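Residues per chain, in single letters:
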Amino acid sequence: MPHSLIKHTLFLTFLIGVLDLFANKFYFYWSISWFDMLMHFLAGVLVAFFVCLFAHYFTQKGFNNKETLSLVIVTSLLVGIFWEWYELHFQITSLSDGFLYYRDTISDLLLDMLGGAVGFLYAKHLKQ
């Protein structure tokens, strides 16, 4: 599992970087309504991969399903909250958007956690 998961993690990191580069250059975040959702989902998957690698290499218990999934969900949520704060701080988005801001933020955080859960399941599959 570790070797395969490391390869998948590196590939997904590269893919997210390339997608973000193109998205910023061609305004995908503003012109393609679902693109931000895709990126949040993929970010959740990436967080799950990193947490699973961490669990494998740095814990005595290894890959405990319930604890690792809980850690993945919480970590995905925290990374998502940090990202939403980043967007507010650098005025990428604004609270003055009202209901749209809150709807978008809740959607982003849910997709971060969903991506984390799917990433955990995929990493678990790679273990077998």
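Residues numbered from 1 in each chain as written. Predicted model: local features only at pLDDT ≥ 70, side-chain atom pairs only at ≥ 80, totals over all residues. Heavy atoms only, no water.

(A) Representation of the overall build of the chain within the structure. Helix and strand counts for the chain stand at five helices and zero strands. Along the chain, helices and strands appear, N-terminal first, in the series α-α-α-α-α. Against the globule reference of 14 Å for 128 residues, the chain gives a C-alpha radius of gyration of 16 Å, in line with a compact fold. With respect to the principal axes defined by its C-alpha atoms, the chain has extents near 45 × 25 × 20 Å. The buried share among the 128 residues of the chain stands at 34%. (Helix = DSSP H or I, 4+ residues; strand = E, 2+ residues; numbered from the N terminus. Rg over C-alpha atoms; globule rule 2.2 N^0.38 Å. Buried < 20%, exposed > 50% of the residue type's maximum accessible area, 1.4 Å probe, protein only.)

(B) Structural detail: a nonpolar patch on the surface. On the surface, I6, L10, F54, Y57, F58 and L71 cluster together to form a nonpolar patch covering roughly 640 Å² of accessible area. Looking at which element gives the most residues to the nonpolar patch, the answer is helix α3 (residues 35-58), with three residues. Mapped onto the fold, Y57 is located in helix α3. (Patch = residues over 30% accessible without salt bridge, like charges linked within 9 Å, V, L, I, M, F, W, Y side chains within 5 Å. Areas by Shrake-Rupley, 256 points an atom, 1.4 Å probe, with all protein chains shown as cover. Salt bridge = Lys/Arg side-chain N within 4 Å of Asp/Glu carboxyl O.)

(C) Molecular detail of the packing of aromatic side chains. Within the structure shown, the criterion is met by 13 aromatic pairs. Each ring, one from Y29 and one from W30, has its centre 6.0 Å from the other, and the planes form 90°; the classification is edge-to-face. The exposure class assigned to Y29 is partly exposed, which follows from its relative accessible area of 23%. For W30, a relative accessible area of 59% puts it in the exposed group. (Phe/Tyr/Trp six-rings, centres within 6.5 Å; stacked < 30°, edge-to-face > 60°.)

(D) Seen up close, the side chain of T9. Tracing the sequence through the fold places T9 in helix α1 (residues 2-25). When sequence neighbours within four positions are dropped, the list of residues in contact with T9 reads L46, F49, F50 and L53. (Contact = heavy atoms within 4.5 Å.)

(E) Layout of the confidence of the model for the chain. On average, residues of the chain carry a pLDDT of 93, and 96% of them reach 70 or more. The weakest mean pLDDT in the chain belongs to helix α2 (residues 28-31) at 94; the strongest belongs to α1 at 96. (pLDDT = per-residue confidence, 0-100.)

(F) Broad picture of the environment of V45. With respect to the helices and strands, V45 occurs in helix α3. Residues V45 and M113 lie 68 residues apart in sequence; the distance between their C-alpha atoms is 8.5 Å. The residues touching V45, leaving out its near neighbours within four places in the chain, are L12, G115, G116 and G119.

(G) Structural view of the layout of surface pockets. Its boundaries defined by the atoms lining it, the largest pocket holds a volume of some 960 Å³. Lining of the largest pocket is provided by 30 residues; of these, Y29, D36, H40, W83 and E87 occupy positions nearest its centre. Counting only elements with at least two residues in the lining of the largest pocket, the list comes to α1, α2, α3, α4 (65-89) and α5 (99-127). For the lining of the largest pocket, the class distribution of residues is 17 nonpolar, six polar and seven charged. (1 Å grid on protein atoms, 1.4 Å probe; cavity = no way out; pocket = protein on both sides within 12 Å on 5 of 7 lines; lining within 4 Å. Points joined across faces, edges and corners; volume = space filled by probe spheres on them. Nonpolar A, V, L, I, M, F, W, Y, C, P; charged D, E, K, R; others polar.)

(H) A look at the nonpolar core. Among the nonpolar cores identified, the biggest contains 19 residues, and L5, L12, I16, F49, C52, V72 and A123 are the most heavily contacted of them. Breaking this core down by element, the ones donating at least two residues are α1, α3 and α5. Here this core gets eleven residues from one element, more than from any other, and that element is α3. Residues in contact with L12, not counting those within four places in the same chain, are L42, V45, L46 and F49. (Core = buried A, V, L, I, M, F, W, Y, C linked by side-chain atoms within 4.5 Å.)

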